[in-house]
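So the chains spell out like this:
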Amino acid sequence: ETGVTQSPTHLIKTRGQQVTLRCSSQSGHNTVSWYQQALGQGPQFIFQYYREEENGRGNFPPRFSGLQFPNYSSELNVNALELDDSALYLCASSVTSASYNEQFFGPGTRLTVL
Amino acid sequence: SQELEQSPQSLIVQEGKNLTINCTSSKTLYGLYWYKQKYGEGLIFLMMLQKGGEEKSHEKITAKLDEKKQQSSLHITASQPSHAGIYLCGADRMDTGRRALTFGSGTRLQVQP
């Protein structure tokens, strides 16, 4: 069974640029959630995708957007990057029909905005 | 929205010592999850608690959820260097009704040999 994978591992961008992060969910999982983890903080929920549609969103501006593909993989896009966007971005997959909400996390993408 | 507070923020213990990490919620917890994170890496699922008074153990780690379902504790017995990392508690988000988690800010554990 393949776990959750994310790419790239690390990324350096400058203010104002755009970035796309990718996530492949664990086999059999139909739901993908994205989280932002700033240094020294817990992960903050960005949004979730189920059946290729956004299924809930945290307190993040519209320049954070995403996609989910038919194979349940997902992308996180961030436009007009700001310095505060520097963080570890975590993707988690889960099964919406499961009786509990265990999220399986990928290793993360470390984004640095200069 | 629900907030989770973890204490202590950081902890340094000698190998072999016991320790406890607490997670307190401002609202009733419908599902409480404990994760471990190595610095700068992804989260590893430890345990999930749902029922008031529930207690679960895995190897040397025990997690409990109080009867009122607003506080959870994670206890490590006879700590080892392999226990070092960041421990995060997470709770089901009920504000959006979606299956995502709200996390505490984490407890950073160092175990000295």
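Residues numbered from 1 in each chain as written. Chains lettered and ligands numbered in written order. Predicted model: local features only at pLDDT ≥ 70, side-chain atom pairs only at ≥ 80, totals over all residues. Heavy atoms only, no water.

Q: Hey, could you go over unusual backbone geometry for me, with residue numbers and the actual values?
A: Of note, the amide linkage connecting Ser-7 of chain A to Pro-8 of chain A takes the cis form, showing an omega dihedral of -10°. Tracing the backbone through its elements, the reader meets Pro-8 of chain A in the loop between strand 1 (5–7) and strand 2 (10–13). Of note, Ala-78 of chain B is a non-glycine position whose phi angle comes to about 50°, a positive value. The topology assignment puts Ala-78 of chain B in the loop between strand 8 (71–76) and strand 9 (85–92). Of the residues examined, Ala-78 of chain B reaches a relative accessible area of 25% and is grouped as partly exposed. (Helix = DSSP H or I, 4+ residues; strand = E, 2+ residues; numbered from the N terminus. Buried < 20%, exposed > 50% of the residue type's maximum accessible area, 1.4 Å probe, protein only.)

Q: Report on the nonpolar core, specifying residues and quantitative values.
A: Counting residues in hydrophobic clusters, the biggest one holds 21 residues, and the most contacted among them are Leu-32, Trp-34, Leu-74, Tyr-87 and Leu-109 of chain B. Those elements that place two or more of their residues in this core are strand 3 (19–25), strand 4 (32–37), strand 5 (43–49), strand 7 (61–65), strand 8, strand 9 and strand 11 (107–112) of chain B. Apart from the residues lying within four places of it in its own chain, the contact partners of Leu-109 of chain B are Leu-11, Val-13, Leu-19, Tyr-39, Ile-76, His-83, Ala-84, Gly-85 and Tyr-87 of chain B. If you look at the next biggest cluster of nonpolar residues, it comprises 20 residues, including Val-4, Val-19, Leu-21 and Phe-64 of chain A. (Core = buried A, V, L, I, M, F, W, Y, C linked by side-chain atoms within 4.5 Å. Contact = heavy atoms within 4.5 Å.)

Q: Give a detailed account of the state of the cysteines, specifying residues and quantitative values.
A: Residue and element names in this part refer to chain B. Scanning all chains against the criterion turns up 2 disulfides over all chains. Here Cys-23 pairs with Cys-89 through a disulfide, and the sulfurs are 2.0 Å apart. In this structure the cystine formed by Cys-23 and Cys-89 twists about its S-S bond by roughly 75°; its chirality is therefore right-handed. Pair noted here: Cys-23 is in strand 3 and Cys-89 is in strand 9, with a separation of 66 residues, a long-range link. As far as the burial class goes, Cys-23 and Cys-89 line up, both buried. (Disulfide = S-S within 2.5 Å.)

Q: Break down the interface of chain A and chain B for me, with residues and values.
A: Listed per partner, the contact involves 27 residues of chain A and 22 residues of chain B. Taken together, the connections running from chain A to chain B amount to 0 salt bridges. Joining chain A to chain B, the criterion identifies 5 residue pairs in polar contact (both at pLDDT 80 or more). For the side of chain A that touches chain B, the elements supplying multiple residues, two or more each, are strand 4 (31–37), strand 5 (44–50), strand 6 (53–57) and strand 9 (87–94) of chain A. Grouping the amino acids of the side of chain A that touches chain B by side-chain chemistry returns 10 nonpolar, 14 polar and 3 charged. (Salt bridge = Lys/Arg side-chain N within 4 Å of Asp/Glu carboxyl O. Polar contact = N/O pair within 3.5 Å; in protein donor to acceptor, adjacent residues only side chain to side chain. Nonpolar A, V, L, I, M, F, W, Y, C, P; charged D, E, K, R; others polar.)

Q: Let's hear about the sheet that holds strand 3 of chain B: which residues, and what values?
A: Residue and element names in this part refer to chain B. Strand order across the open sheet formed by 5 strands is 1-3-8-7-6, with antiparallel pairing between neighbours. Two strands in the sheet have a free side with no partner beyond their single neighbour: strand 1 (4–7) and strand 6 (55–58). Between one strand axis and the next, the sheet turns by 15° as a mean value, whatever way the strands run. Taken together, the 4 bridges between strand 6 and strand 7 define a ladder with antiparallel strand orientation. Pairing of Ser-57 across the sheet is with Thr-62, part of strand 7. (Pairing = 2+ DSSP bridges. Axes fitted to C-alpha atoms, helices over the stretch in contact; angles between N-to-C directions.)

Q: Account for the sheet that holds strand 7 (residues 64–68) of chain A, with residues named and values stated.
A: All names here are of chain A. The strand order 1-3-8-7 describes an open sheet built from 4 strands, whose pairing is antiparallel. Because the sheet does not close on itself, it has two edges, and the strands there are strand 1 and strand 7. Averaged over neighbouring strand pairs, the angle between their axes works out to 20° when direction is ignored.

Q: Requested: an account of the side chain of Asp-92 of chain B, with residues and values cited.
A: Residues and elements named next belong to chain B. With respect to the helices and strands, the residue Asp-92 is situated in strand 9. By relative accessible area, Asp-92 is classed as buried at 12%. A distance of 3.3 Å separates polar atoms of two side chains, one belonging to Asp-92 and the other to Tyr-33.

Q: Could you give an account of the environment of Asn-18 of chain B, naming the residues involved and the relevant values?
A: Residue and element names in this part refer to chain B. Among the structural elements, Asn-18 can be located in the loop between strand 2 (10–14) and strand 3. In this view, Asn-18 contacts His-75, Ile-76, Thr-77 and Ala-78; residues no more than four positions away in its chain are not counted. Polar contacts involving the side chain of Asn-18 include one to the main-chain amide nitrogen of Ala-78, which spans 2.8 Å.

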